[in-house]
Amino acid sequence: MLVLGQFQISSFELFTSPKQSGCSYSSRSVPLPRTRFYCNLGRSSDFRVMADMSGDKGTNIEKLYLGMDFGTSGARFTVIDDQGVIKAEGKREYPPFMKEESMDWVSSWKATLFSLLEDIPITIRSLVSSISLDGTSATTLILNSENGEVLCQPFLYNQSCPDALPEVKFLAPENHTVCSGSSTLCKLVSWWNTEVPNRESAVLLHQADWLLWLLHGRLGVSDYNNALKVGYDPESESYPSWLLSQPYSQLLPMVQAPGTSIGLLKESLIRQFGFPDDCIVCTGTTDSIAAFLAARATEPGKAVTSLGSTLAIKLLSTKRVDDARYGVYSHRLDDKWLVGGASNTGGAVLRQLFSDEQLERLSQEINPMVASSLDYYPLQSSGERFPIADPNLAPRLLPRPESDVEYLHGILESIARIEGKGYKLLKELGATEAEEVFTAGGGAKNDKWIKIRQRVLGLPVKKAFHTEASYGASLLALKGAKQNSGL
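Residues numbered from 1 in each chain as written. Predicted model: local features only at pLDDT ≥ 70, side-chain atom pairs only at ≥ 80, totals over all residues. Heavy atoms only, no water.

In its Sequence similarities (unreviewed entry) section, the UniProt record describing the protein reads: "Belongs to the FGGY kinase family." (UniProt positions renumbered as here; feature names shortened; annotations may be inferred.)

Structure, rendered in structure tokens:
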């Protein structure tokens, strides 16, 4: 077990290397990209010290580790040192590239990836020893396996393919994780059944896999967190026989543990951005798993709620729980299981109704100890994944009171009730009971919301040690570097 500063990082023990082995969705345009950069703890001297260190010609050159988080509305980077201390962070919103009147996500993600690399000061980049990143769960791309050309529009995390669900349910065990219209496997089957030309020469990648491929150039590599929803079994460390017997199984990527070294950063990128010649690229994970790692919740009963554009909960349990009826699934973490699900409610709904300034100002006027009588189900559009798996569930945001404070209070409390139903459901299905909840994502900044959630959940609720998934991704980069060096 590694020790970072004054806290233990046990995530490096949590991932063990495995064996090799008609759709609809809703989205909205995003504003023009913004970026910011700042140094650790906000002290202007930090950057100057790092710049001096980068010029050190001695043998004791500092090594740094880069993690990136590609969420639903934007991306972030975090650079840490061996002790887990943040050296630099920044963020970008996805540029609104359009293609035939729809969002060109491939171009937007790619541009954002290289913009983030460019945003990192060269004095920092020159010390980066390894890179990892996370992406949204079940966001799926299908590529030509020979040249990497993207063969169709990406299937987004919230895209449902009900046309493929009957076939998947027939193949998979009852209530398996893939038995959901938004699963990666349903997206693959839906695409396969369109009988496109040369489909046999394709390869499936998840968002994180594809972005990492742009960095290392080795096509067809994934991690067992992202591969869970395509049917990979982290317990047996293999794809199941019922999946391998299907004609599209040849599209499935090779699976490794998160934070495993894939190979060196492309030479062209080393020259372009000034990374070290021996900088490695490591397998990634999903955004909610990265947020869990960042929060440092290491004991059974500890949970992390990620309050970003959507709401995702993860609970460390001694028992594995999977039930597609409710959108519940488990990721393996060493000898324990990370049980949870992701709801379509969350911050994206708030952003539709309030500006950042309004959210901050109105929140200050809320009394979090008083329950709201308003009962909503805040969604951007119809469809829910967890704790109710219903692609037709309609948003409920009315009636709207005259007071914006009351309205925001009602929405925040309604989201908290959905969160509470999620944790209650996990317990009913057999998971370890939640004892404490850490909060990650943008919602962690709202103290009034945290107090509302603590009252509604009846549990201690606090901000995570680190609230950004990009910090968890940087821990994976650190893990990969240590394993690669044999430490």
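Past the structure itself, the notes keep going.
Caption draft 1: How the structure looks around the packing of helix 10 (residues 287-295) against helix 15 (residues 469-484). Contact geometry for helix 10 and helix 15: axes closest at 7 Å, N-to-C directions at 80°. Judged by the angle between their axes, helix 10 and helix 15 are roughly perpendicular. Of the residues in helix 15, those touching helix 10 at Asp287, Ala290, Ala291, Leu293 and Ala294 are Ala469, Tyr471, Gly472, Ala473, Leu475 and Leu476. Of the residues that constitute the contact of helix 10 with helix 15, the class distribution is nine nonpolar, one polar and one charged. (Axes fitted to C-alpha atoms, helices over the stretch in contact; angles between N-to-C directions. Helix = DSSP H or I, 4+ residues; strand = E, 2+ residues; numbered from the N terminus. Parallel < 35°, antiparallel > 145°, perpendicular 65-115°, else oblique. Contact = heavy atoms within 4.5 Å. Nonpolar A, V, L, I, M, F, W, Y, C, P; charged D, E, K, R; others polar.)

Caption draft 2: Representation of helix 7 (residues 207-216) within the structure. Within helix 7, 10 of the 10 residues are buried, which leaves the element mostly enclosed by the surrounding structure. Buried within helix 7 we find Gln207, Ala208, Asp209, Trp210, Leu211, Leu212, Trp213, Leu214, Leu215 and His216. Of the residues flanking the end of helix 7, it is Gly217, one or two places downstream, whose phi is positive at about 80°. (Buried < 20%, exposed > 50% of the residue type's maximum accessible area, 1.4 Å probe, protein only.)

Caption draft 3: A look at the nonpolar core. In this structure, Leu66, Met68, Trp210 and Leu215 are the most contacted members of the largest nonpolar core, which totals 41 residues. For this core, the secondary-structure elements that each account for two or more residues are strand 4 (64-70), strand 5 (74-80), helix 3 (105-119), strand 9 (128-135), strand 10 (140-144), strand 11 (202-206), helix 7 and helix 9 (267-273). At seven residues, helix 7 tops the list of elements feeding residues into this core. Those residues in contact with Met68 that sit more than four places away from it in its chain are Arg76, Phe77, Leu113, Leu116, Leu117, Ile131, Ser132, Leu133, Asp134, Leu215, Ser470 and Ala473. Among the nonpolar cores identified, the runner-up in size contains 38 residues, and Leu307, Trp337, Val349 and Leu359 belong to it. (Core = buried A, V, L, I, M, F, W, Y, C linked by side-chain atoms within 4.5 Å.)

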